[in-house]
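Coordinates in review
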Amino acid sequence: MNTTPIHDPKAPAGTPPRSTLLFFDPLLLLATLGLAACSLIVLKGATRDDIPGQPDYFVTRQGVYFGVGLILLTILWRIDYSRLRELRYGIYGLLMTSILAVLALGVTAKGAQRAIQLPFFSFQASELGKVLLVVTLAAVVVERSRNIGQRETTALVMLLALVPAFFVIAQPDLGSGLVYIVIALAVLFVAGASWRHFAGLFALAAVAVTLVLVGAPAAGVQVLKPYQVDRLTAFLNPTDNPQKQGYQQLQSKIAIGAGQKTGRGERNATQTKGNFLPEHHTDFIFAVVGERFGFVGAALVLSLYALLIWRALRILTVAKNLFGALVAGGVVGMLLFQVFVNVGMTLGIMPITGIPLPLMSYGGSSVLTTLLALGLLQSIYAQGRAASAHKSFGPRL
Amino acid sequence: MALRVAVLGGIALVLFAVVFFRLWYLEVLSGDQYVVQANENQVREVRIQAPRGDIVDRYGRPIVRNRMANTVQIELARLPAPGAPRRRVYRRLGEVLQMSPREIQRTVVEQRKALPYANVTVKQDVSLSAMNYIKERQPRFPGVTVEPVFLRRYPYGHLAAQMLGYVGRITRKELKEERFKGVHPQAVVGQAGLEWQYDRYLRGRDGATLLSINSLGQSRGFLRRREPVPGRNLKLSLDLGLQQAGQIALARAGHGNPGGFVALDPRNGQVLALGSVPSFNPTVFAKPLLQSTYRALTSQSTGAPLFNRAIAGAYPTGSTFKPITALAGLSSGVITPFTVINDAGCLTVGLTRFCSPGNVGHGAVALSRAIQVSSDVFFYTVGRDLDPIKGQPLQHWARKLGLGRKTGIDVPEEARGNVPDRAWRARLGRAELRCRRAKHVPTCGISDMRAWSTGDNVNLSIGQGDLLASPLQMAVAYSTIANGGKVLRPHLGLEVDDSEGRLIQEIDPPPSRRVKIPPAYRDAIMQGLHAAASAPGGTSADVFAGWPQAHLPVFGKTGTAQRPNQPDQSWYVCYVPNRTRPIVLAVTIERGGFGASAAAPAARLILSKWFGVKAKFIAGKSRTQ
């Protein structure tokens, strides 16, 4: 039974037209490569002294991740993403298995069990889980697209996201858990779930947050680790506690502010060089951009992200089927949330949640996941253009 | 779906707008402020100690200088965590410095309590070999540094020790004081004496090496150096030779009894010598002071060497007070220079008989003769007659000449002394009553509740009773009579010079006030003082036998002060006029006996030194008060 509602009955199923090979979104690719280049340039300067004797340690690795990621992106672009729908149970199974495997045999990094140590690479299942979840949720919604207005559909989608989110938060990786929830919301939103459902979800979320932060500690149950609560609340008043939780954020603000309009250059970037800025190659990489290149550089990076989001939204509208639109919607939600929360964190307007900046932050799992998501977007674009190419010709952005 | 996409796009637009605005606010609008913070973050100042100024005598001979000493310090931030690793460092350090680890631990805890952020000085003046040992094995001594530090050096040892005072690490309390504004929290400042008084000039300004550091406080490189500014030198009016003669003379005449002396220039208040015996070597203050050393410096059994008797000792003055009584009697009209009073040995006032020692009378005496032979009955009579006069002229004159109040000398901890009068007795009585009521005891020992009586004034007239004055106050009082009415403000500081000895600032405080002394009165008193030191029958005439009175006339008065529960205190105050080097000298020796037997011979030795006369020690025979 074919449940894809938007489908060209005349196109031979399973075999894409030859012209697909030529269709790709050049602006999306530009933003992708631009951010990858920015990442390498910033990492090169920021991590020069981090490991004595190996000035290029992080840059080389990040370069390899980008190389592998771009190959994966190309593969995804060339295949028809619609086939992934059929694999939804397998994908969800993979998601849950990897997350549980991390809990069972993962390595501990900075007090959290987030990764499985592979021979070359410590694999962060929660990162890859983001893109797996997007595909699964989109497939499930497509399946129930006729019942999208029903409460059960919303509940099912939320449940499918909340289960892995719960285990990820238990690792503990609060940031990724929140990303899962945002992905579910984004997919539901694009699918057209009732506004009343969203209102209900927000009410539930408010009650849950109150319970977790206030109710549970009062009853003697610690859902979040104390440091998580501290980090979440420290941004409200960073100078209160400059030596502990507020410290990172304060140093990040100092770094960005000291960059002024055009930046302090590599030599004078004392916040980064003197290691005052913590995690300057991962979570706080945007602060490095701000210090070294100033407002000009930071604005350029933000513009590239804006371009990325704009193209993703555009691809959402040219998708050949609902599945494609939903996947694109999930990716938009995932990227937008991560960029905003990470940049907001370095600017001191968002709490510290440990969310990496997509494509910029050092880290293989994050880079590969983001490039996979962008590969899906390119595939959706190519398929959508190919489908409409039967009706009309000429480039369309 | 188009609506939903538009909403999603709208949300993205709003979020990007927020982020852009915030970025603009941080980097462009408040960037300056963050640049300052980033620089504060990464710059550390390492203090370079400025050498403290020298203290030199009036001819430029150094009394206090600096020397470099290697000091072992502990920087707490770089010390290993408390527990076994820290104890290991203490143990290794203890072996090198010959200290027990427990001792080091205690030093660290104590100094840290006093100054939480400063480095802890474990040991000063360590040997070269210990320094090299630590420096060559620096990784085995994390947090331990050996640095050269300026310490105070005293080439003349015991000389003038009390007035110099000492230096020490600034305390937390002092850091908040106005006079130490802008001083580095680890700086060494004057803590007592002249070092404290003239600290502003002596201390100089510390320099610094500015280093760039990382978040762990490790150095990332040198930024720049701010040169230290050496402290100014302080030139004193002191004459080291005279000072030395004074301390030796007191030790010789006093036979080990404590005493003090002051030599002033009666024209301008310059202190030529000022000392107290027993003395001590101020080097003990250059290193952390031991409790036992401090006790030895202050205990009664050792004569409290730290106590500066010349300015902080307050005693009854005995007969050296008589010229003041004479001045009060003359100016209030009780006597004239020619009033003759019959000294029969005793005087009865009310129910009490006041007698001279041995009840020996001097017969009919006028003022000059009364001073010359130190007739008690003459001055008893004046004291008795002054008492009923309104305003208590005796006390009034004592105060006018500088007793009972601080002279304003430039050394801290000067004694105020006491000039007893009717109001003072009444005050004591009220304090006693208050105390008795508060504590519910029959007596507090503050006062015997006796009202002021004429007898009190009679006692005061010969410097007895409740009078308390320091040698410095007596020297100022005699200077005032000698110079015709200028009440001097004595001072030790003469000049502030730069490190090459060039004059920066002269110290010449004006007289505190002027007193009108009619020349006729002054002449009568001076005639008596001179006769006392030179004419037959004068109380100190035999002490000055052979002294060249013709060109160096001595105007001096002995004093023998009776003190409760101890032997008499010997006093001598004198004036020698001279065109170029006039001098007023006050000497007192506790438990020294008669004025003529201890203080006056010491004074002769000091004067010999000052005028280059052959020194001769003659203990006088006079048994007068």
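Residues numbered from 1 in each chain as written. Chains lettered and ligands numbered in written order. Predicted model: local features only at pLDDT ≥ 70, side-chain atom pairs only at ≥ 80, totals over all residues.

1. Notes on the overall build of chain A
Helix and strand counts for chain A come out as 14 helices and 3 strands. For chain A, long-range pairs separated by at least 24 residues make up 71% of all intrachain contacts whose partners lie at least 6 apart in sequence. (Helix = DSSP H or I, 4+ residues; strand = E, 2+ residues; numbered from the N terminus. Contact = placed C-beta atoms within 7 Å.)

2. Considerations on the overall build of chain B
Tallying secondary structure elements over chain B gives 21 helices and 23 strands in all. Across the 625 residues in chain B, those meeting the buried criterion constitute 44%. (Buried ≥ 20, exposed ≤ 12 C-beta atoms within 10 Å, placed from the backbone.)

3. Looking at the interface of chain A and chain B
Across the contact, 35 residues belong to chain A and 29 residues belong to chain B. The set of elements that each furnish at least two residues to the side of chain A that touches chain B consists of α6 (174-191), α9 (245-259), α11 (270-273), α12 (285-318) and α13 (322-346) of chain A. The element that contributes the greatest number of residues to the side of chain A that touches chain B is α12(A), accounting for 11 residues. Of the residues that constitute the side of chain A that touches chain B, the class distribution is 21 nonpolar, 12 polar and 2 charged. (Nonpolar A, V, L, I, M, F, W, Y, C, P; charged D, E, K, R; others polar.)

4. With respect to α13(A)
Taking 1.5 Å per residue, 25 residues should reach 36 Å; α13(A) reaches 36 Å between its end C-alpha atoms and fits that length. Counting buried positions along α13(A) yields 25 of 25 residues, so the element is predominantly enclosed. (Expected span 1.5 Å × (residues − 1).)

5. Observations regarding the packing of helix α13 (residues 322-331) of chain B against helix α16 (residues 393-400) of chain B
Residue and element names in this part refer to chain B. Following both chains from N to C, one finds α13 and α16 inclined at 120°, their axes separated by 9 Å at the closest point. Accordingly, the angle class assigned to the pair α13 and α16 is oblique. The handedness of the crossing between α13 and α16 is right-handed. For the pair α13 and α16, contact is made by Ile-324, Thr-325, Leu-327 and Ala-328 and by Pro-393, Leu-394, Trp-397 and Ala-398, respectively. The class makeup of the residues in the contact of α13 with α16 is 7 nonpolar, 1 polar and no charged. (Axes fitted to C-alpha atoms, helices over the stretch in contact; angles between N-to-C directions. Parallel < 35°, antiparallel > 145°, perpendicular 65-115°, else oblique. Left-handed = near helix turned anticlockwise from the far one by under 90°.)

6. Description of the nonpolar core
Grouped together as the largest cluster of nonpolar side chains are 128 residues, with contacts concentrated most on Leu137(A), Ile183(A) and Val187(A). Counting 122 residues, the second-largest nonpolar core is a separate cluster that includes Ile63(B), Met163(B), Leu529(B) and Ala600(B). (Core = buried A, V, L, I, M, F, W, Y, C linked by C-beta atoms within 7 Å.)

7. Quick word on the sheet that holds strand β11 (residues 259-264) of chain B
Residue and element names in this part refer to chain B. Taken together, the 5 strands give an open sheet; going across it, the order is β12-β11-β23-β22-β21, and neighbouring strands pair in antiparallel fashion. The sheet is open, and its two edges are formed by β12 (271-277) and β21 (555-563), each paired on a single side. Going from strand to strand, the sheet's axes swing by 5° on average, the running direction of each strand aside. Across 7 bridges, the pairing between strand β22 (residues 566-576) and strand β23 (residues 583-589) is antiparallel. (Pairing = 2+ DSSP bridges.)

8. So, the packing of α13(A) against helix α14 (residues 364-389) of chain A
All names here are of chain A. Following both chains from N to C, one finds α13 and α14 inclined at 145°, their axes separated by 10 Å at the closest point. Where α13 crosses over α14, the handedness of that crossing is left-handed. Each of Gly-324, Val-327, Ala-328, Val-331 and Met-334 in α13 lies in contact with α14, whose residues at this interface are Ala-373, Leu-376, Leu-377, Ile-380, Gln-383 and Gly-384. Residue classes in the contact of α13 with α14 are distributed as 8 nonpolar, 3 polar and no charged.

9. Some remarks on α16(B)
All names here are of chain B. Among the 8 residues in α16, 6 count as buried, and that is most of the element. Within α16, the full set of buried residues consists of Pro-393, Leu-394, Gln-395, Trp-397, Ala-398 and Lys-400. The inward-facing, buried residues of α16 contact α13, α15 (376-386) and α18 (454-461). Phi for Gly-402, located one or two positions after α16, is positive at around 110°.

10. Examining the environment of Arg232(B)
Residue and element names in this part refer to chain B. Locating Arg-232 in the fold gives a position in the loop between β9 (219-226) and β10 (233-236). Under the C-beta neighbour-count criterion, Arg-232 is labelled buried, with 22 such atoms within 10 Å. The spatial distance from the C-alpha of Arg-232 to the C-alpha of Glu-500 is 9.3 Å, given a sequence separation of 268 residues. When residues no more than four places from it in sequence are discounted, the contact partners of Arg-232 are Gly-53, Tyr-201, Leu-202, Val-496, Asp-497, Asp-498 and Ile-504.

11. Re the environment of Asp448(B)
Residue and element names in this part refer to chain B. Looking at the element boundaries, Asp-448 is found in the loop between α17 (422-439) and α18. The class for Asp-448 is exposed, based on 9 C-beta atoms found within 10 Å. With 16 residues separating them in the primary sequence, Asp-448 and Glu-432 have C-alpha atoms 8.3 Å apart.

12. Examining the confidence of the model for chain B
Residue and element names in this part refer to chain B. In this model, chain B carries a mean pLDDT of 89, and residues with pLDDT of at least 70 account for 98%. Element-level mean pLDDT values for chain B span from 75 in β9 up to 96 in β23. Two numbers describe this predicted complex: its pTM, 0.66, and its ipTM, 0.89. (pLDDT = per-residue confidence, 0-100.)

13. So, unusual backbone geometry
At the junction of Val277(B) and Pro278(B), the peptide bond is cis and its omega measures out at -5° in the coordinates. Although it is not a glycine, Glu279(A) sits at a positive phi angle of roughly 50°. With respect to the helices and strands, the residue Glu279(A) is situated in the loop between α11 and α12. Not every positive phi belongs to a glycine, and His440(B) is a case in point at roughly 55°.

14. What about the pairing of strand β14 (residues 346-349) of chain B?
Bridge analysis of β14(B) against strand β15 (residues 352-355) of chain B gives 4 bridges, and the strand direction is antiparallel. If you follow Thr348(B) over to β15(B), its bridge partner there is Arg353(B).

15. Thoughts on the confidence of the model for chain A
When pLDDT is averaged along chain A, the result is 85; 84% of the residues meet or exceed 70. Per-residue pLDDT stays below 50 along residues 11-17 of chain A; that stretch engages in 4 contacts with residues further than four places along the chain or on separate chains.

16. Structural notes on the environment of Glu103(B)
All names here are of chain B. On the secondary structure map, Glu-103 appears in helix α4 (residues 101-114). The exposure class of Glu-103 is partly exposed, given the 15 C-beta atoms found within 10 Å. Considered as a pair, Glu-103 and Tyr-90 are 13 residues apart in the sequence and their alpha carbons are 9.2 Å apart.

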